[in-house]
Amino acid sequence: MNFELQKLVRPNIRALEPYSCARDEFKGMEAHVFLDANENPFNDPINRYPDPLQEKLKERLAPFKHVRPSQIFLGNGSDEAIDLVYRIFCNPGKDNVVAISPTYGMYKVCADVNDVEYRSVPLSEDWQIDTKALLKATDAHTKVIWICSPNNPTGNDFPRETIHEVLTSFGGIVVVDEAYSDFSTNQPFRDLLDSYPNLIVLNTFSKAWASAAIRLGMAFASEEIIGLFNKVKYPYNVNLLTQKKALSMLDDITNVENWMVQIRREREHVLPALQEIPIVLKVFPTDANFVLVRVTDANRIYRYLIEQGIVVRNRHRVQQCGNCLRITIGTRQENNELLGALRFYK
Ligand SMILES: *Cc1c(COP(=O)(O)O)cnc(C)c1O
């Protein structure tokens, strides 16, 4: 498949002259008097605008992710990257995107905000992708296919061959959202950036890195696609405090590694225990830090848990998720409290 990125890009974005900020125009460490950006000289260090391209952070992040710094976009959560995909590629009122269902809700919300048609293709009963149906849903105006793996809310990874097939058969952009891939034993797709010029992989600091509050999302793609992200994003989209905090976390990742081991261990503890509980009808296999369970009466059990001070995610109203609750894996104590409450439910 010969892939022509520029043909997929919205004409107004192709022609866009990006905002040139003060920090872009002056690059070099020699200066010591900064009178270029109308900043206030007091209140160091937060008086200065942050690095618009977060170069230091990308430099540190690249080896962890086995990519080059030029293949990284950093945003205000993955949600910014999701929105940018629409703004870069999809002409409002004209183009469409295709996604699996059920999946992460932000793909649809951002489609609606950008006035882009959102086509969803149901997963099979055991949450697998019907590749034929997915490709059949595309047409000449389909710019993007969204695949979340491990998928939220179902929890499962998709077989690598399935995603390979979509990447090779579809001529547009394929976004693989790997927000939960650190919890899976499958090899991540960002390792394949050099083989697929149409691939965008999403990662986040919100899950395995336990830093949802700092709002730091990542997109990995070809240099050319990352160039488009950089052109369209707000100039200072990742604030200084977030950049600093992420750098300090990268200085010592033993915490992150320990948390991951604990969460995987807890998952092994919680899944079989859930299976033993009579009101739990089905525990879906999971490769993530959460599990989808089908229960006898999701709405009632959800309310009962809230009365016990325990909040889970009620997915009853989601297509194909009737009577399903999505339960995040917590600490041993939190998990035991949940299991105890479910056992006690009448
Ligand atoms: C939680 C989650 C994210 C993370 O979003 P952030 O904006 O980075 O916090 C991305 N994708 C999926 C599928 C998620 O479940």
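Going by the structure above, here's the rest.
Computed from a predicted model, the values in this text were never measured in an experiment.

Novice: Describe the overall build of the chain, naming the residues involved and giving the relevant values.
Specialist: Check the secondary structure of the chain and you find 13 helices and 11 strands. Computed over its C-alpha atoms, the radius of gyration of the chain comes to 22 Å, within 12% of the 20 Å expected for a compact globule of 346 residues. Within the chain, the proportion of its 346 residues that are buried is 52%. Considering only contacts in the chain between residues 6 or more positions apart, those separated by 24 or more positions represent 69%. Entry remark: accessible area of the chain is about 17,000 Å², with carbon and sulfur atoms responsible for 51%. If the 40 positive side-chain charges of the chain are averaged to one point and the 43 negative ones to another, these points end up 4 Å apart.

Novice: Please set out the pattern of salt bridges residue by residue, giving values where relevant.
Specialist: The full count for this structure, using the stated rule, is 12 salt bridges. Taking the shortest distance from any N to any O, the salt bridge between Asp139 and Arg119 comes out at 2.9 Å. Taken together, the positions of Asp139 in the loop between α7 (131–136) and β4 (142–148) and Arg119 in strand β3 (residues 117–122) put the pair 20 residues apart, joining distant regions of the chain. Looking at Asp139, the relative accessible area reads 34%, which means it is partly exposed. Arg119 sits in the partly exposed class, given a relative accessible area of 21%. A salt bridge links Arg332 to Glu266; the nearest nitrogen and oxygen atoms lie 2.8 Å apart. Of this pair, Arg332 sits in helix α13 (residues 332–344) while Glu266 is found in helix α11 (residues 254–275), placing the two residues 66 residues apart along the sequence. For Arg332, a relative accessible area of 38% translates into the label partly exposed.

Novice: An account of the sheet that holds strand β11 (residues 324–328) is needed here, citing residue identities and associated values.
Specialist: Ordered by their spatial adjacency, four strands build an open sheet running β8-β9-β11-β10, and the pairing between neighbours is antiparallel. Looking at strand neighbours, the two that pair on one side only are β8 (280–283) and β10 (313–314), the edges of this open sheet. Pairing of β10 with β11, which is carried by two bridges, proceeds in the antiparallel orientation. Along β11, the bridge assignment pairs Arg313 with Arg326.

Novice: A description of the site of the ligand should follow, citing residues and the corresponding values.
Specialist: With respect to spatial proximity, 14 residues lie near the ligand, and among them Tyr180, Thr204, Ser206, Lys207 and Arg215 are the closest. Thr204 is positioned such that a nitrogen or oxygen atom in its side chain is 2.6 Å from an oxygen atom of the ligand. Measuring from an oxygen atom of the ligand, one finds a side-chain N or O atom of Arg215 at 2.7 Å. Expressed as a share of its isolated accessible area of 380 Å², the protein-covered part of the ligand is 94%.

Novice: Summarise α13; cite the residues concerned and give the values.
Specialist: Here α13 contains 13 residues, and its C-alpha end-to-end distance of 18 Å stays within 8% of the 18 Å for a straight helix at 1.5 Å per residue. Considered for burial, the residues of α13 that qualify are Asn335, Leu338, Leu339, Ala341 and Leu342. Down the axis of α13, the sector holding all buried residues measures 160°, keeping them to one side. Away from the buried face of α13 by more than 90 degrees, exposed residues Gln333, Arg343 and Phe344 are located. The elements touched by buried residues of α13 are α11, α12 (298–307) and β11.

Novice: I'd like a description of the layout of surface pockets, backed by residues and values.
Specialist: Roughly 400 Å³ of internal volume is contained in the second largest pocket. Taken together, 18 residues line the second largest pocket, and the ones lying closest to its centre are Pro102, Thr103, Tyr104, Gly105 and Val318. Secondary structure elements with two or more residues in the lining of the second largest pocket: β2 (96–101), α6 (106–113) and β3. Taken together, the residues that form the lining of the second largest pocket break down as seven nonpolar, six polar and five charged.

Novice: Can you tell me about the sheet that holds strand β6 (residues 199–204), naming the residues and giving the values?
Specialist: Strand order in the open sheet made by the seven strands is β1-β7-β6-β5-β4-β2-β3, with mixed pairing throughout. In this open sheet, the two edge strands, each paired with only one partner strand, are β1 (72–75) and β3. Between one strand axis and the next, the sheet turns by 20° as a mean value, whatever way the strands run. Contacts from helix α4 (residues 55–65) reach β1, β6 and β7 (217–220) within the one sheet, and its direction differs from that of β1 by about 120°. The strands that helix α5 (residues 78–89) touches are β1, β2, β3, β4, β5 (173–177), β6 and β7; relative to β6, the one it contacts most, it runs at about 155°.

Novice: How would you explain the pairing of β5 if you had to name every residue and give the values?
Specialist: Most of β5 is tucked away, with five of its five residues classed as buried. Along β5, one buried face is formed by Ile173, Val175 and Asp177 and the opposite face, lined by Val174 and Val176, is buried too. Handedness of the crossover is the feature at issue here: the chain leaves β4, passes through helix α8 (residues 160–169), returns alongside β5, and the resulting connection is right-handed. Relative to β6, β5 is paired through four bridges, and the arrangement is parallel. Along β6, the bridge assignment pairs Val174 with Leu199.

Conventions we followed
Throughout this document, residue positions are counted from 1 along each chain, in the order its sequence is written. Local features in this predicted model are restricted to residues whose pLDDT is 70 or higher, and side-chain atom pairs enter the listing and the counts only when it is 80 or higher, whereas totals over whole chains, interfaces and linings include all residues. Water and hydrogen atoms play no part in the side-chain values, which are based on all heavy atoms of the structure. The numbering of helices and of strands both runs from the N terminus, where a helix is a DSSP run of H or I of at least 4 residues and a strand a run of E of at least 2. Radius of gyration here is computed from C-alpha atoms only, and the compact-globule reference equals 2.2 Å multiplied by the residue count raised to the power 0.38. Burial here depends on accessible area, computed with a 1.4 Å probe over protein chains only, as a share of the maximum for the residue type. Under 20% is buried, over 50% is exposed, and the range in between is partly exposed. Contacts are residue-level and defined by heavy atoms, with any inter-residue pair within 4.5 Å sufficient. Computed with a 1.4 Å probe, the accessible areas rest on the Shrake-Rupley method; for each residue, only the protein chains presented here act as cover. The convention is simple: Lys and Arg are positive, Asp and Glu are negative, and His and the chain ends are not counted. Charge coordinates come from a single atom per side chain, which is NZ of Lys, CZ of Arg, CG of Asp or CD of Glu. For this analysis, a salt bridge means a side-chain nitrogen from Lys or Arg found within 4 Å of a carboxyl oxygen belonging to Asp or Glu. One requirement defines pairing of two strands: DSSP has to find at least two bridges between them. The nearness test applies per residue and asks whether one of its heavy atoms lies within 4 Å of the molecule or strand. In protein, a polar contact means a hydrogen-donor-capable atom and an acceptor-capable atom, both N or O and within 3.5 Å, with residues adjacent in sequence counting only if both atoms are side-chain atoms; elsewhere, any N or O pair within 3.5 Å suffices. What a helix is expected to span follows from its residue count: subtract one and scale by 1.5 Å. What the arc describes is the spread of directions from the helix axis to the C-beta atoms. The definitions used throughout rest on a 1 Å grid laid over the protein atoms alone, on which a cavity is an enclosed set of points accommodating a 1.4 Å probe that cannot get out and a pocket is an open set flanked by protein within 12 Å on both sides along at least five of seven lines; lining residues are those having an atom within 4 Å of a point. Grid points are joined across faces, edges and corners, and a volume is the space filled by probe spheres set on the points. Each residue is assigned to one class: nonpolar for Ala, Val, Leu, Ile, Met, Phe, Trp, Tyr, Cys and Pro, charged for Asp, Glu, Lys and Arg, and polar for all the others, Gly among them. Working convention: axes come from line fits to C-alpha atoms, limited for helices to the stretch in contact. Angles between N-to-C directions cover 0 to 180 degrees. Clockwise travel from the first strand over the helix to the second, with the strands pointing away from the viewer, marks a crossover as right-handed.

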